[in-house]
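If you want the building blocks of each chain, they are given just below.
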Protein chains: 2
Amino acid sequence: MTNDLPLTKDMILDAAEQVLRRYGPDKTSVTDIAKFLQVSHGTLYRHFASKAALRESVTERWLDKSIAEPLEEVANTSEGSAEEQLRLWLETLIKKKRMYAVDDAEMFVMYGDVTLASGDMITMHINRLMKQIALIIERGMRMGEFKPGSADAIARAVFLATLIFHHPSHAHEWASERIDEDFNTVWQLLLSGIK
Amino acid sequence: MTNDLPLTKDMILDAAEQVLRRYGPDKTSVTDIAKFLQVSHGTLYRHFASKAALRESVTERWLDKSIAEPLEEVANTSEGSAEEQLRLWLETLIKKKRMYAVDDAEMFVMYGDVTLASGDMITMHINRLMKQIALIIERGMRMGEFKPGSADAIARAVFLATLIFHHPSHAHEWASERIDEDFNTVWQLLLSGIK
């Protein structure tokens, strides 16, 4: 039996996310997702050229929803000190990554794999996050709270220098007792370079 | 035929390194190393409790020789500016990691695996490197070149904040065109926190 409703990209991604969560990213096939949607796998391939492309799209949407959008809210605030805002932004990123690594393990593992495989989508995601940091840095500079300089360069440096706390390849280190103290140590040095 | 010479730890590690380089870390068995040494694998197990312990010892010696010792020389210099010394130390670490990732790929892959598996040995290696950074930072503070502060904390922050440039999990990113520019961006921010 096949479904007569026209398939939208979002319907496919919703189904893929559910099936990936149920079977795990390694065991899920395009056929599993097609079955779940009650369509032929040929129909799916008309929307996504490969399993890799489908995994990338699922990850892209997941990163937007669970990471980039909530952080956007923090970056767009224009109250309080920029120092506190920057620290809140970083802590929100780190807290969310840690939470998803445990509570949404299937999606997180897939995101880790996709990070190693698909450069362009991840580069776009990272650029979006760096732009948010730059917004906060610019605000701090405007208010005279931060030293003048290139907000984009400083934002990139802040993101790269805190990688151990949010890059999926380091997820196994986030359970360390020392991790919060380490973040604070790095934060103090970065802050003393920014202020 | 078995060899009558008493086996030293260094003889085993020399043999293991040769065999691991020849067959690759995944395909090498303890039996391969025993055969190479013309001893029974029982004899080998008297020195190393497991294949994992043997791999860890080979990696430990390799890290000492190829990373920690050459960097020790840089850290022990007491001429010139501490800023230049710190930059040279970091650039030496980064250059060596990049070189070994390409020119000694088998050992480097094994080192990457061991980094994920054996916490204590890697922690000791990292502590040794952080102590070297602290020595340079202390010198800079003594000379009034760097702001006063906790040299140990700053050293740890510098090491962690530059992780993307020297941690084996990021080796696939070192071929990026942007990597030297990125190091410079992070370096500038760290330096402006230290000076």
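Residues numbered from 1 in each chain as written. Chains lettered and ligands numbered in written order. Predicted model: local features only at pLDDT ≥ 70, side-chain atom pairs only at ≥ 80, totals over all residues. Heavy atoms only, no water.

As recorded by an unreviewed UniProt entry, chain A carries the name TetR/AcrR family transcriptional regulator and is attributed to Paenibacillus rhizophilus.

Trainee: How would you sum up the relation of the copies chain A and chain B? Please name residues and give values.
Mentor: Between the two copies, chain A and chain B, the superposition gives an RMSD of 0.0 Å; the rotation angle is 180° and the shift along the axis is 0.0 Å. In short, the pair behaves as if placed about a two-fold rotation axis. Mapped onto chain B, 100% of the interface residues of chain A again fall at the interface, so both copies present the same surface. (Least-squares fit on C-alpha atoms with pLDDT ≥ 70 in both. Contact = heavy atoms within 4.5 Å.)

Trainee: Mind laying out the interface of chain A and chain B, listing which residues take part and the relevant values?
Mentor: Each side of the interface is counted separately: chain A has 25 residues, and chain B has 25 residues. Summed over both sides, the interface between chain A and chain B buries roughly 2100 Å², with carbon and sulfur atoms accounting for 69% of that surface. Area buried by chain A at its contact with chain B is led by Arg-156, Leu-160 and Leu-189 of chain A, which between them contribute 27% of it. Put simply, chain A and chain B have two salt bridges between them. Notably, a salt bridge pairs Arg-156 of chain A with Asp-182 of chain B, separated by 2.5 Å at the nearest N-O pair. Across the chain A-chain B interface, the total number found is seven residue pairs in polar contact (both at pLDDT 80 or more). For the side of chain A that touches chain B, the secondary-structure elements that each account for two or more residues are helix H8 (151–161), helix H9 (163–166) and helix H10 (179–194) of chain A. (Buried area = accessible area lost by both parts, 1.4 Å probe. Salt bridge = Lys/Arg side-chain N within 4 Å of Asp/Glu carboxyl O. Polar contact = N/O pair within 3.5 Å; in protein donor to acceptor, adjacent residues only side chain to side chain. Helix = DSSP H or I, 4+ residues; strand = E, 2+ residues; numbered from the N terminus.)

Trainee: Go over the UniProt feature "domain: HTH tetR-type" (unreviewed entry) in chain A with me, naming the residues and quoting the values.
Mentor: In the UniProt entry, the feature "domain: HTH tetR-type" (unreviewed entry) is given for residues 6–66 of chain A. Helix makes up 75% of residues 6–66 of chain A and strand 0%, whereas the separation of the span's terminal C-alpha atoms amounts to 27 Å. (UniProt positions renumbered as here; feature names shortened; annotations may be inferred.)

Trainee: Explain the UniProt feature "DNA-binding region" (unreviewed entry) in chain A residue by residue, including any values.
Mentor: The UniProt record marks residues 29–48 of chain A with the feature "DNA-binding region" (unreviewed entry), using the residue numbering of this structure. Its end C-alpha atoms 13 Å apart, residues 29–48 of chain A is made of 75% helix and 0% strand.

Trainee: Explain the packing of aromatic side chains to me, using residue names and the numbers behind them.
Mentor: For the structure on display, the rule yields 12 aromatic pairs over all chains. Between the aromatic rings of Trp-62 of chain B and Tyr-100 of chain B, the centroid separation amounts to 5.3 Å while the plane-to-plane angle is 70°, which identifies the pairing as edge-to-face. Residue Trp-62 of chain B is found in helix H4 (residues 51–76), and its partner Tyr-100 of chain B is found in helix H5 (residues 82–103); the two are separated by 38 residues along the sequence. Residue Tyr-100 of chain B is classed as buried on the basis of its relative accessible area, which comes to 15%. Considering the side-chain rings of Phe-183 of chain B and Trp-187 of chain B, the 6.5 Å spacing of their centres and the 25° angle between planes classify their relative orientation as stacked. Highlighted residues: Phe-183 of chain B and Trp-187 of chain B, both in helix H10 (residues 179–194), separated by four residues, approximately one helical turn. Judged on exposure class, the residue Phe-183 of chain B and its partner Trp-187 of chain B are both buried. Joined through ring pairs, the aromatic side chains of Trp-62, Tyr-100, Phe-108, Tyr-111 and Trp-174 of chain A make up one cluster. (Phe/Tyr/Trp six-rings, centres within 6.5 Å; stacked < 30°, edge-to-face > 60°. Buried < 20%, exposed > 50% of the residue type's maximum accessible area, 1.4 Å probe, protein only.)

Trainee: Can you explain the side chain of Arg-156 of chain A? Please cite residues and give values.
Mentor: Following the sequence through the fold, Arg-156 of chain A ends up in helix H8. Judged by its relative accessible area of 14%, Arg-156 of chain A is buried. Excluding anything up to four places from it in sequence, Arg-156 of chain A contacts Asn-127 and Met-130 of chain A together with Arg-178 and Asp-182 of chain B.

Trainee: Describe in detail the domain arrangement of chain A, supporting the description with residues and values.
Mentor: All names here are of chain A. Each assigned domain of chain A is listed with its residue range as follows: domain 1 (9–47) and domain 2 (52–194). Between domain 1 and domain 2, the C-alpha centre-to-centre distance is 30 Å. Taken together, the contacts link 13 residues of domain 1 with 13 residues of domain 2. Taken together, the two surfaces of domain 1 and domain 2 that pack against each other cover about 1100 Å², and 61% of this comes from carbon and sulfur. It is Glu-17, Arg-21 and Pro-25 that lose the most area in domain 1 upon contact with domain 2, and together they represent 47% of the buried surface on that side. (Domains from an automatic or database assignment.)

Trainee: Account for the pattern of salt bridges, naming residues and giving values.
Mentor: All names here are of chain A. For the coordinates displayed, the defined rule picks out 28 salt bridges over all chains. For Arg-61, the salt bridge identified is with Asp-14, shortest N-O distance 2.9 Å. In this pair, Arg-61 sits in helix H4 (residues 51–76) while Asp-14 sits in helix H1 (residues 9–23), placing the two residues 47 residues apart along the sequence. With a closest N to O distance of 3.1 Å, Arg-21 and Glu-17 form a salt bridge. In this pair, Arg-21 and Glu-17 both sit in helix H1, four residues apart, roughly one turn of the helix. On the accessibility criterion, Arg-21 (32% relative accessible area) is partly exposed. With relative accessibility at 7%, the residue Glu-17 sits in the buried group.

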